[in-house]
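So the chains spell out like this:
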Amino acid sequence: MTDTATAVSLLDRTLRNLRSAWSELSDSTRYYLSGTPRPDLSGDDLGRMRQQMLDCLEAKGGEVTARARAAELGRSYLSLNATGRNRFLSLLAEEFGPDRAQVAVAVEALQTAEGEEGRRRAERRLRDALVPRWRRLLTRFNALPEGVKFLVDLRAELLGMAKESPELADLDADLRELLAAWFDVGLLELRQITWEAPAALLEKLIAYEAVHKIRSWEDLKNRLDSDRRCFAYFHPNMPHEPLIFVEVALVDGISGDVLSLLDEDAPRTDPKTANSAIFYSISNAQRGLAGISFGNFLIKRVVDLLQHDFPNLKNFATLSPIPGFRAWFADTVAAGDGPTLTTAERRSLLQALGLDDDASGDAELVGKALASDRWPSDEALTDALKAPMMRMAARYLTSAKRSNGTARDPVAHFHLSNGARMERLNWLGDPTPNGLRQSCGMMINYLYKLSEIDENHEAYSDGAKIATSSAMRALARS
């Protein structure tokens, strides 16, 4: 089964589970809509949906009725196609925000309030007025079976629409704030996932793996073998859905080649004698939780667990992709600031390309080599490209910044924020098509040196100072 087919299968199953879980709750409220709304929410169905939302906000009938109304509203949403869901969310965003008339009255009352107690009352009234009505409506789903998962998936769809209007952006920001409170790391459970886990959960690992595609069940079994570990965070209201998971290899030495880590035929390491834990894949499993970070807490918790279980471990490092490098490299070359070759490097590259001479500039010559389909498998070409491309990658990782001064590369930013240091670049560490497309096959080890994590984190958070090994510093300067 392909990745896309697996993801679609999981989505279909989720929708069926939601409809089933809410069917009995919502049966008593079917009078709100005369039958299922049109998939695109066209015609008078939009007006009926508006009334259904208003009814859902009312507290009449007690908690049971409120849950039933929310369940029916959710079932209506799940019956819509992409156009219908866009109209549903736009209606929610545009007509169920804060009551501006009440906000204006509250602002005026605050401006004219007298005395400390009067000011406090006016401030409370203003805070209440600023709470959008959609928040009360969305929190209705919290009490439903699978309701939190419904809201996470709803936000995943909303993310693609948030740029369409300020109202949708406000709705997205508010829903993110709600989910951030509900998914506080203190409420999450860290669990190890083994080959004995339910098949439905293992299937989700295959679908959600975002770094190194899981090719088969045998591949997954290999990643869960005795010298491997997989840990994931779960939420009490989503006990069967991983939020984020990390895959770890227990090996000797700091690995620089992901294919050897994923080799199903490689001999197993005795985890009790391994000296290194290599974090080779970290995947966020719920797109609807984008912008809510669990990764830093996950890595620290896993390090603590591994240290306890395997006292022989001395190194905690990643083997990470460099996803932004190739695009940055193309932009840099286009701006006339590409790689500069030494005389020996230029001669080697010309020989590898089978050229006696070439009037091209250094960057253009490197571009010709990279454009060749044979370069990843041609030893002469890879040797000739290694030094200049490694220098450019080191320059990218240590010098390319966002507007706020933090690392431009998203994976670098993640690990530096968590207190890691840039340890070592690995030439052709990932020669897969995806690795070549992202970073010309290069990977990097970020080292989590336990005695330096807090200091590195503070230096990066306060001043965007990047912790690097001496080897990385030398490469960046060369």
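Residues numbered from 1 in each chain as written. Predicted model: local features only at pLDDT ≥ 70, side-chain atom pairs only at ≥ 80, totals over all residues. Heavy atoms only, no water.

### Observations concerning the packing of aromatic side chains
Under the defined criterion, the tally for this structure stands at nine aromatic pairs. An angle of 35° between the planes, with centres 5.8 Å apart, marks the rings of F325 and F329 as tilted. Taken together, the residues F325 and F329, both in helix α14 (residues 325–334) and four residues apart, mark about one turn of the helix. We note that F325, like F329, is buried. An angle of 35° between the planes, with centres 6.1 Å apart, marks the rings of W375 and W427 as tilted. Of this pair, W375 sits in the loop between α16 (362–371) and α17 (379–399) while W427 is found in the loop between β6 (421–426) and α19 (433–439), placing the two residues 52 residues apart along the sequence. In this pair, the class of W375 matches that of W427, namely buried. Joined through ring pairs, the aromatic side chains of Y77, F88, F141 and F150 make up one cluster. Lying over the aromatic face of F234, R191 brings its terminal NZ or CZ to 3.6 Å of the ring centre. (Phe/Tyr/Trp six-rings, centres within 6.5 Å; stacked < 30°, edge-to-face > 60°. Helix = DSSP H or I, 4+ residues; strand = E, 2+ residues; numbered from the N terminus. Buried < 20%, exposed > 50% of the residue type's maximum accessible area, 1.4 Å probe, protein only. Lys NZ or Arg CZ within 6 Å of the ring centre and 35° of its normal.)

### Description of the pattern of salt bridges
Enumeration according to the criterion identifies 33 salt bridges in this entry. Of the charged contacts in the structure, one is a salt bridge between E264 and R215, with a shortest N-O distance of 3.6 Å. Taken together, the residues E264 in the loop between α12 (258–262) and β4 (276–284) and R215 in the loop between α10 (199–208) and α11 (217–223) connect sequence positions 49 residues apart. Note that E247 and R223 form a salt bridge whose closest N and O atoms lie 3.2 Å from each other. Of the two residues, E247 is situated in strand β3 (residues 244–251) and R223 in helix α11; the sequence distance between them amounts to 24 residues. The buried category is assigned to E247, whose relative accessible area is 3%. A relative accessible area of 1% places R223 in the buried class. Residues joined by salt bridges that share partners form a network here, namely E209, R215, D219, R223, E247 and E264. (Salt bridge = Lys/Arg side-chain N within 4 Å of Asp/Glu carboxyl O.)

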